[in-house]
Amino acid sequence: MPLKRYVIVLLAMVLASAWTAPQAQPLEVVATTPSLGMLARAVGGDQVRVRVLAPDDRDPHYLDARPSYMAAVRRADLLLEMGAGLEEGWLPAVLSGAANPAVNEGRRGHFRASDTLSLRRSVTMDGPNVGHVHAEGNPHFNIDPLRMAVLADALAKRMGQLRTEKADYFLARSEDAAQRLRQHARALADRIPADRQFVAYHEDLDYLEEWLPVKVLGYLEPVPGVPPTARHLRRLVRDLEGREGRVLHARYQPSRGAGFLQRHLGWDIHAVSLEPPVDADLEGYLELMSQWAAVFGGG
Amino acid sequence: MSKRNLNHGGTGVLAAVAIAAMPLASPVKAQEGVDLNISLILEGIYFNELREGNESPAGFGGGHHHGDGHDHGHHHGFDEGFNLGHSELVLEAKLGDFMDGTLILGFDDHDVEVEEAYLRTRSLPAGFQLKVGKFLSDVGYINSHHPHDWDFVDRPLVNEYLFGDHGLQEIGVQATWLAPTQSYTLLGVELLQGETSGVANYRGEQSAINGTERILEDTEGPRLITAFAKFAPDLGPDHAVQYGVSAGYARRYQETEAHSTRFEDWNGTAWFAGLDAVYKYDAGRSYGHGNWRLQGEYFYRVIDVDRRDVEFTDVDSDGNPTGRNIGDVRNVQSFKNKQDGVYLQGVYGFAPRWEAGLRAEALGLTNEIGRGDGSSPDPSYRYAAMVTFRPIEPVFLRAQINHNDYADDHGRDRGLDFMLQLNVALGAHGAHRF
Ligand SMILES: [Zn+2]
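Everything numeric in this text was worked out from a predicted model, so none of it was measured. (Residues numbered from 1 in each chain as written. Chains lettered and ligands numbered in written order. Predicted model: local features only at pLDDT ≥ 70, side-chain atom pairs only at ≥ 80, totals over all residues. Heavy atoms only, no water.)

## Focus: the overall build of chain A
The helix and strand tally for chain A stands at nine helices and eight strands. Of all intrachain contacts in chain A linking residues separated by at least 6 positions in sequence, the fraction that spans at least 24 positions is 64%. (Helix = DSSP H or I, 4+ residues; strand = E, 2+ residues; numbered from the N terminus. Contact = heavy atoms within 4.5 Å.)

Shown next as structure tokens:
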């Protein structure tokens, strides 16, 4: 039967391909977000080639599982994801379509950043779970350079497992990067007047609390992933009446809710980037830290 | 096996669906150790025929026409009033990183059906993947997508009438290879049992009548082979496009239909080929505001059969002798039916969480029916407009108007349908496919 011959040919192709496993020279790294791409460059230096999937001006929660992402992951030696559910709306589909077992979950080629860190708690971990997005804790830790410094070390160790002959090189670079991240964070924190307060759109910029002397007073979203409601905004205004503060939101988040607080509380609105440019190295991220601090009068 | 028609007395009520949904609205994770995701998709549809048109497009089933094994009844499958649309229970489990298992049960208020039940490898080398079980074929674009991922309430005509009520859904094996290229290039082959009404209808051997053998014979599976290629260049963060080409060959296509005194039997082969394309624009704003999606597919199908009718009675319905004997053979003929269909649709996010879309369809632009003396019925058309609102991500409410312009034996007639759809996804809802 001619149909059965197809099966045999296909199986032969599968088996034949098992013997061809070329070892590319630079480590092919695919990072889901620009911050992770930055970290891969900072740690990997000239030993890595980095492709970032999520653009810096898009919400990494809501991307399409694009075929071009699958093509990129197909050729990756190492896949970096933030984890904690940040990419759950699209990365699983990308991974299953990429047909690259080297970067499957649980393999050395799959680095889930959230596994190496303790995350800030999220209201979704306690409350009725409608917003579903932060159930494993707040996954936007790229806003915190101190956690990025910890991550640099973990990433260097992972890269060292994949390229043992370069392990020392990666470790040295990660130590340098971690030191610069911590120094810059301290310098910026010193320049900011104490007790600056703010409201964020989403549960993301609250990570600023971790390294700047600032305090988050609330969120425009009633629950992460659920758009601001009029009732929730009115309650925020009632609670914050008479206090000094500012409203921060990512450029890709709508500004309407922030406008409501501005009108009723007289607060300034700051639209900020949450990610460095997609091709950023460590300098690009340090610059982004300065921009965040500048919102509070530092930087 | 032919499935029962979905067109039963609908008792589902939108409100009931919404209320039933609430207490379940939390992700379901099975106990640790077993990586099992469960989700439930509930749907309610309100249907109202505002103006009655022709029931089915000329040349595609209905009446005495062939070309479709299912008795469609109403082509849309909805009752006037409330319908429990197309609900699904989805179970996905991982066997380490070796393979994934997926079970999708589709149900309405009368029937439960296994829509998909397959294993898919995760650890073959060099970009190969195998899928085994019952699954939706990856030919074309919309065929492998489940209804809750569609932009319109109903299935495009070309998919429904060239393949079947559930599209091309078969038991078999799929092998794909993703090329290690910068641009996404996926090649795939499927070996399928061959039971889909539109392209691989199978009846098997029918008993002889008064010693006269029937033209229909048993044919071992797999009877249907398909192949497809998908290509998607990287166009940067704002634009994404995917092109597809696919084809299939069924080495057995059979029909049998009882007329008043004879069985009409077809036995032969069928093939199809098609093109599809999808373009998506991401405006970079929240909740889909400013986004575009354009999507279109074209399919061409040829049914190539021998026909031979056999008399099963020698008296007509009034009890008068027909003058023929039981077992007499009539209408020996070989012919081809060549038909096609196409649709094009666009959806625009006109406000955060709001989308509007238009769809234009044609069925039978090529409509050459070789049966009998041959005929070329006029093409049929359908136009749809919809508005969708997504209050929160797993919920959408959609209103749609269909304007049907179907040809049939007696001429053209225009109908107007209104549909209201509520769809809720509960539990660990998996990642969306492109
Ligand atoms: Zn988030």
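## Things to note about helix H2 (residues 34-44) of chain A
Residue and element names in this part refer to chain A. The element H2 is largely enclosed, with a buried count of eleven among its eleven residues. If you check which residues of H2 are buried, you get Pro34, Ser35, Leu36, Gly37, Met38, Leu39, Ala40, Arg41, Ala42, Val43 and Gly44. Packed against the buried residues of H2 are strand S1 (27-31), strand S2 (48-52), strand S3 (78-81), helix H5 (145-162), helix H6 (167-191) and helix H9 (282-294). Looking at the residues trailing H2, positive phi occurs at Gly45, about 55°. (Buried < 20%, exposed > 50% of the residue type's maximum accessible area, 1.4 Å probe, protein only.)

## A word on the pairing of strand S15 (residues 329-351) of chain B
All names here are of chain B. With 18 bridges joining them, strand S14 (residues 292-311) and S15 adopt antiparallel strand pairing. The residue of S15 that forms the bridge with Arg307 is Gln333. The pairing of S15 with strand S16 (residues 354-369) spans twelve bridges and is classified as antiparallel. When the sheet's bridge partners are listed, Ala351 is paired in S16 with Trp354. Between the end of S15 and the start of S16, which pair antiparallel, lie two residues, with Arg353 showing a positive phi angle near 75°. (Pairing = 2+ DSSP bridges.)

## Description of the sheet that holds strand S5 (residues 196-200) of chain A
Residues and elements named next belong to chain A. Taken in spatial order, the four strands of this open sheet run S6-S5-S7-S8, and their pairing is parallel. Each of the sheet's edge strands pairs with one partner strand only, and the pair in question is strand S6 (214-219) and strand S8 (268-272). Pairwise comparison of adjacent strand axes, ignoring direction, gives a mean angle of 30° for this sheet. Pairing geometry for strand S7 (residues 246-250) and S8, over five bridges, is parallel. Each residue of the ladder has a partner; that of Arg246, found in S8, is Asp268. (Axes fitted to C-alpha atoms, helices over the stretch in contact; angles between N-to-C directions.)

## Re a negative patch on the surface
Residue and element names in this part refer to chain B. Judged by side-chain charge, Glu52, Glu55, Glu80 and Asp413 come together as a negatively charged surface patch. Relative to the helices and strands, Glu80 resides in the loop between strand S2 (36-51) and strand S3 (81-83). Judged by its relative accessible area of 47%, Glu80 falls in the partly exposed class. (Patch = residues over 30% accessible without salt bridge, like charges linked within 9 Å, V, L, I, M, F, W, Y side chains within 5 Å. Areas by Shrake-Rupley, 256 points an atom, 1.4 Å probe, with all protein chains shown as cover. Salt bridge = Lys/Arg side-chain N within 4 Å of Asp/Glu carboxyl O. Lys, Arg positive; Asp, Glu negative; His and termini not counted. Charge placed at Lys NZ, Arg CZ, Asp CG, Glu CD.)

## Quick notes on the coordination of the zinc ion
Residue and element names in this part refer to chain A. Bound to the zinc ion on the protein side are His61 (NE2), His134 (NE2), His140 (NE2) and His202 (NE2), at distances that span 1.9 to 2.0 Å. Around the zinc ion sit four donor atoms; with metal-centred angles ranging over 104 to 119°, the donor geometry is tetrahedral. When the donors of the zinc ion are listed by position in the chain, the intervening gaps give H-x72-H-x5-H-x61-H. Taken together, the residues His134 in the loop between strand S4 (110-112) and H5 and His202 in the loop between S5 and S6 connect sequence positions 68 residues apart. (Donors = N, O, S within 2.8 Å, 3.2 Å for Na, K, Ca; no water. Tetrahedral: all angles 85-135°; square planar, octahedral: opposite > 155°, others 65-115°.)

## What to know about the pattern of salt bridges
Residue and element names in this part refer to chain A. Following the criterion strictly, the structure yields 34 salt bridges over all chains and no others. The partner of Asp153 in a salt bridge is Lys157, and the shortest N-O contact between them spans 2.8 Å. Placement of both Asp153 and Lys157 in helix H5 is noted, with a separation of four residues, approximately one turn of the helix. Residue classification places Lys157 among the partly exposed residues on the basis of a relative accessible area of 48%.

## Observations regarding empty space enclosed by the protein
In this approach, a probe sized like a water molecule rolls over the atoms, and the result shows the empty space that is left. Residue and element names in this part refer to chain B. Scanning the model with the defined rule gives four cavities of 30 Å³ or more in all. Size it by volume and the largest cavity reaches roughly 70 Å³. Considering the residues around the largest cavity, the lining is formed by His86, Glu115, Leu136, Asn143, His145, His146, Pro147, Trp150, Arg155, His166 and Gln169. Classifying every residue of the lining of the largest cavity by side-chain character gives three nonpolar, six polar and two charged. (1 Å grid on protein atoms, 1.4 Å probe; cavity = no way out; pocket = protein on both sides within 12 Å on 5 of 7 lines; lining within 4 Å. Points joined across faces, edges and corners; volume = space filled by probe spheres on them. Nonpolar A, V, L, I, M, F, W, Y, C, P; charged D, E, K, R; others polar.)

## Brief notes about the sheet that holds S2 of chain A
All names here are of chain A. The sheet built from four strands is open, its strands ordered S2-S1-S3-S4 with parallel pairing. With partners counted over all chains shown, the strands left at the sheet margins are S2 and S4, one partner each. Each neighbouring strand pair of the sheet contributes to a mean axis angle of 20°, computed without reference to strand direction. Where S1 meets S2, five bridges bridge the pair, whose relative direction is parallel. In the sheet register, Val29 faces S2, and the bridge partner there is Val50. Against the sheet, H2 contacts S1, S2 and S3, and its axis sits at roughly 175° relative to S2. Contacting S1, S2 and S3, helix H3 (residues 67-74) runs over the sheet at an angle of about 165° to S2.

## Examining the interface of chain A and chain B
Counting residues at the interface gives 49 residues for chain A, matched by 51 residues for chain B. Our count for the chain A to chain B interface comes out at five salt bridges. The partner of Arg107 of chain A in a salt bridge is Asp97 of chain B, and the shortest N-O contact between them spans 2.6 Å. Put simply, chain A and chain B have 18 residue pairs in polar contact (both at pLDDT 80 or more) between them. (Polar contact = N/O pair within 3.5 Å; in protein donor to acceptor, adjacent residues only side chain to side chain.)

## Digging into the packing of aromatic side chains
Tallied over the full model, the rule gives 18 aromatic pairs over all chains. The interplanar angle of 55° and the centroid separation of 6.0 Å between the aromatic rings of Phe272 of chain B and Phe299 of chain B together place this pair among those described as tilted. With Phe272 of chain B in strand S13 (residues 262-281) and Phe299 of chain B in strand S14, the pair connects residues that are 27 residues apart, well separated along the chain. Note on accessibility: Phe272 of chain B and Phe299 of chain B belong to one class, buried. One aromatic cluster is present, formed by Trp211, Tyr285 and Trp292 of chain A through successive ring pairs. (Phe/Tyr/Trp six-rings, centres within 6.5 Å; stacked < 30°, edge-to-face > 60°.)

## Remarks on the nonpolar core
Within the largest apolar cluster, 61 residues are counted, with the highest numbers of intra-cluster contacts made by Met159 and Leu208 of chain A. Examining the composition of this core, we find that eight residues originate from one element, H5 of chain A, more than from any other. If you count residues domain by domain, this core takes at least three from each of domain 1 (27-187) and domain 2 (192-294) of chain A. Counting 28 residues, the second-largest nonpolar core is a separate cluster that includes Val158, Phe272, Val305 and Leu363 of chain B. (Core = buried A, V, L, I, M, F, W, Y, C linked by side-chain atoms within 4.5 Å. Domains from an automatic or database assignment.)

## Remarks on the domain arrangement of chain A
Residues and elements named next belong to chain A. The domains assigned to chain A are domain 1 (27-187) and domain 2 (192-294). Residue-level contacts link 40 residues of domain 1 with 31 residues of domain 2. For the pair domain 1 and domain 2, the number of links is five salt bridges. Note that Glu210 is salt-bridged to Arg120, the shortest N-O span being 2.7 Å. Here domain 1 and domain 2 share 23 residue pairs in polar contact (both at pLDDT 80 or more) between them. Contributions of two or more residues to the side of domain 1 that touches domain 2 are made by H2, H5 and H6.

## Overview of the packing of H2 of chain A against H6 of chain A
Pairs of packed helices are described in terms of their axes, by the angle between the two and the distance that separates them. Residues and elements named next belong to chain A. Close contact between H2 and H6 brings their axes to 7 Å; oriented N to C, the two are set at 120°. Judged by the inter-axis angle, H2 sits oblique to H6. Taken together, the residues of H6 that come into contact with H2 (itself represented by Arg41, Ala42, Val43 and Gly44) are Tyr169, Phe170, Arg173, Ser174 and Ala177. Its residues placed into classes, the contact of H2 with H6 shows five nonpolar, two polar and two charged. (Parallel < 35°, antiparallel > 145°, perpendicular 65-115°, else oblique.)

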